[in-house]
Amino acid sequence: MITIAVANQKGGEGKTTTSLNLAMGLARRNYKTLLIDMDPQANSTGIFVNPDTLDKDLAQLFQSATKLSDIIVPAYNENLWLAPSSMRLAEMETISVNSVEAPYVLRDALQEVSHFDFAIIDCPPSLSIFTVNSLVASNYVLIPLQAEKFSMDGIMGLQQTISSIKKRINPELEILGALITQLKPQTLLTKTILPVLSKYFKIFEHTISDGVAIGESHLAKKSVFDYNRTSRQSQEYEGFLEEVLRELKK
Ligand SMILES: Nc1ncnc2c1ncn2[C@@H]1O[C@H](COP(=O)(O)OP(=O)(O)OP(=O)(O)O)[C@@H](O)[C@H]1O
Ligand SMILES: [Mg+2]
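Per an unreviewed UniProt entry, the chain goes by the name ParA-like protein and belongs to Leptospira ryugenii.

What follows is the structure in structure tokens.
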């Protein structure tokens with residue numbers, strides 16, 4: 001199983017959009033995929049299920065009250081499953097920091113579901129215990145970000161967290177790359193942003209432009225591929241997916 005954490009502690013950079021479309025894109029290519037919603041906001045969860053209908057979610061996993069396989073639900077495609085979250089997960093943050101086991105909950109739980117080809121983890125917008133759990137459990141980190149000044153400011157914090165987890169807990173962790181999302185036509189990417197960013201990370205050649213198809217697909221509770229196959233963003237996420245698969249084969 002290849003586990004990819006989709007992380008950026010800044011809010012609204014495209015983590016959820018990228019996680020769910022990456023997971024669905026892999027499922028559509030016949031990879032057995034598990035989407036793990038590590039964010040108590042439960043945005044990924046809400047796309048695939050009605051959170052009110054679930055009696056168990058990742059909060060129970062963090063309470064050691066259940067196994068991962070007991071909370072996983074099917075998600076719209078025969079190859080896609082979801083480990084849902086809810087607001088209850090937020091309460092686990094203060095409870096679990098008191099335990100030495102805290103950073104390892106997800107890594108240990110994933111051992112039981114290693115029959116999946118991929119696990120994609122949608123991280124919360126913070127460097128909380130949930131992001132730490134995700135990075136500890138992952139082979140790769142994927143960083144979605146908007147090509148803007150404020151997006152860059154937070155990158156150092158993330159970079160440091162990744163380095164210390166790599167050094168102390170998970171030496172295998174690698175940065176897969178940064179994906180530029182919500183790209184506006186007037187942004188001067190090549191002259192200004194890319195030279196700064198590429199000092200820190202590999203930047204994916206494919207970028208995701210800003211467009212209504214994304215917001216509409218969220219409202220329709222679908223991946224962008226299922227919502228509008230011909231939209232520009234659907235094609236861009238498709239290209240990005242091919243690039244990810246090529247990168248993983250290297
Ligand atoms: N390519 C895009 N074009 C237009 N809107 C987009 C695009 N990508 C994401 N958005 C919108 O930007 C907002 C933030 O996206 P998303 O929820 O994926 O970010 P996030 O990093 O998961 O946010 P959070 O930090 O709150 O979890 C959403 O309203 C989403 O619909
Ligand atoms: Mg999100």
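There's more to say after this.
Novice: With reference to specific residues and values, describe the overall build of the chain.
Specialist: Looking only at helices and strands, the chain has 12 helices and 7 strands in total. Relative to the 2.2 N^0.38 estimate, which gives 18 Å for 250 residues, the radius of gyration of the chain is 17 Å and therefore close to what a compact globule would have. Seen through its principal axes, the chain has C-alpha atoms that stretch 50 × 40 × 30 Å. Going through the 250 residues of the chain one by one, you find that 43% of them count as buried.

Novice: Which residues make up the sheet that holds strand β7 (residues 174-181), and what are the values?
Specialist: Spatially, 7 strands are ordered β3-β4-β2-β5-β1-β6-β7 in an open sheet, and the strand pairing comes out mixed. Edge positions in the sheet fall to β3 (73-75) and β7, since each has one partner strand and no second. The mean angle between the axes of side-by-side strands here comes to 25°, regardless of whether they run parallel or antiparallel. By the bridge criterion, 4 bridges tie strand β2 (residues 33-37) to strand β4 (residues 77-83) in an arrangement that is parallel. If you follow Thr33 over to β4, its bridge partner there is Leu80.

Novice: Give me the packing of helix α6 (residues 129-137) against helix α8 (residues 155-168): which residues, what numbers.
Specialist: Relative orientation of the contacting elements α6 and α8 amounts to 50°, with a least axis distance of 10 Å. By the angle class used here, α6 and α8 are oblique. Between α6 and α8 lies a crossing of right-handed hand. Side by side, α6 and α8 meet where Val132, Leu135 and Val136 of the first sit next to Thr161, Ile162 and Ile165 of the second. A breakdown of the residues in the contact of α6 with α8 according to their chemical character gives 5 nonpolar, 1 polar and no charged.

Novice: Talk me through the nonpolar core; I want residue IDs and the actual numbers.
Specialist: Ranked by internal contacts, the top residues of the largest apolar core, which has 67 residues, are Ala23, Leu35, Ile120, Ile121 and Val141. With 6 residues, helix α1 (residues 15-28) is the largest single contributor of residues to this core. In contact with Leu35, not counting residues within four places along its chain, are Ser19, Leu20, Ala23, Ser44, Ala75, Leu80, Leu82, Ile120 and Asp122.

Novice: Would you mind going over α6 in detail, with residue names and values included?
Specialist: Most of α6 sits inside the fold, with 8 of its 9 residues counted as buried. Buried within α6 are the following residues: Ile129, Phe130, Thr131, Asn133, Ser134, Leu135, Val136 and Ala137.

Novice: Describe in detail the site of ligand 1, supporting the description with residues and values.
Specialist: Taken together, 20 residues lie near ligand 1, and Gly11, Lys15, Thr16, Thr17 and Pro125 sit nearest. Contributions of two or more residues to the shell around ligand 1 are made by α1 and α10 (212-219). Taken together, the residues of the shell around ligand 1 break down into 3 nonpolar, 13 polar and 4 charged.

Novice: Explain the pairing of β2 to me, using residue names and the numbers behind them.
Specialist: Looking along a regular strand, one sees side chains alternate from face to face of the sheet. Across the 5 residues that make up β2, a large majority, 5, are buried. A two-sided burial pattern is seen for β2, the buried positions comprising Thr33, Leu35 and Asp37 on one face and Leu34 and Ile36 on the other. As defined by bridge partners, β2 adjoins strand β5 (residues 118-122) across 5 bridges and the pair is classed as parallel. Along β5, the bridge assignment pairs Thr33 with Phe118.

Novice: Could you give me a rundown of helix α12 (residues 232-249), with the residues and numbers involved?
Specialist: With 18 residues, α12 should cover 26 Å at 1.5 Å per step; its first-to-last C-alpha distance of 26 Å lies within 8% of that length. Looking only at α12, the buried set comprises Gln233, Ser234, Glu236, Tyr237, Phe240 and Val244. Take α12 and look down its axis: the buried residues cluster within an arc of 160°, on one side only. Pointing more than 90 degrees away from the buried face of α12 are the exposed residues Glu242, Arg246 and Lys249. If you follow the buried residues of α12, they end up packed against α1, β7, α10 and α11 (224-227).

Novice: Could you give an account of the packing of α1 against α12, naming the residues involved and the relevant values?
Specialist: In helix packing, the relevant descriptors are the interaxial angle and the interaxial distance, both defined with respect to the helix axes. The geometry of α1 relative to α12 is characterised by a closest axis approach of 10 Å and an angle of 70° between their N-to-C directions. In terms of axis orientation, α1 runs roughly perpendicular to α12. Both α1 and α12 take part in a crossing whose hand is right-handed. In this structure, α1 uses Asn21, Leu22 and Gly25 to contact α12, whose residues at the interface are Tyr237, Glu238 and Leu241. In terms of residue class, the contact of α1 with α12 is built from 3 nonpolar, 2 polar and 1 charged.

So, how was this worked out
- Residue numbers run consecutively from 1 along every chain, following the written order of its sequence.
- Naming scheme: in the order in which they are written, chains are lettered from A and ligands are numbered from 1.
- Residue-level local features of this predicted model are given only where pLDDT is at least 70; pairs of side-chain atoms are given and counted only at 80 or more, and the full residue set underlies all totals for whole chains, interfaces and linings.
- Helix and strand definitions follow DSSP, with helices as H or I runs of at least four residues and strands as E runs of at least two, each counted in order from the N terminus.
- Taken over C-alpha atoms, the radius of gyration is set against a globule rule of 2.2 Å times the number of residues to the power 0.38.
- Burial is judged by counting the other C-beta atoms within 10 Å of a residue's own C-beta: 20 or more makes it buried, 12 or fewer makes it exposed, and any count in between marks it as partly exposed, with every C-beta position built from the backbone.
- Each pair of strands is called paired provided DSSP finds at least two bridges between the two strands.
- Structural elements are reduced to axes, namely lines fitted to C-alpha atoms, with helices fitted over the stretch in contact, and the angle between N-to-C directions of any two is expressed from 0 to 180 degrees.
- Any angle between 65 and 115 degrees counts as roughly perpendicular, while under 35 counts as roughly parallel, over 145 as roughly antiparallel, and the rest as oblique.
- The crossing is said to be left-handed when, going from far helix to near helix, the turn is anticlockwise and less than a right angle, and right-handed when the turn is clockwise.
- Residues are treated as contacting if the C-beta atoms built from their backbones sit within 7 Å of each other.
- Gly falls in the polar group here, along with every residue not listed as nonpolar (Ala, Val, Leu, Ile, Met, Phe, Trp, Tyr, Cys, Pro) or charged (Asp, Glu, Lys, Arg).
- Here a nonpolar core is just a set of buried residues of the types Ala, Val, Leu, Ile, Met, Phe, Trp, Tyr and Cys, joined wherever their C-beta atoms sit within 7 Å.
- Note on definitions: a residue is near a molecule or strand provided its C-beta atom, placed from the backbone, lies within 6 Å of it.
- Helices are assigned an expected span. That span is 1.5 Å times one less than the residue count.
- The directions from the helix axis to the C-beta atoms form the arc being described.

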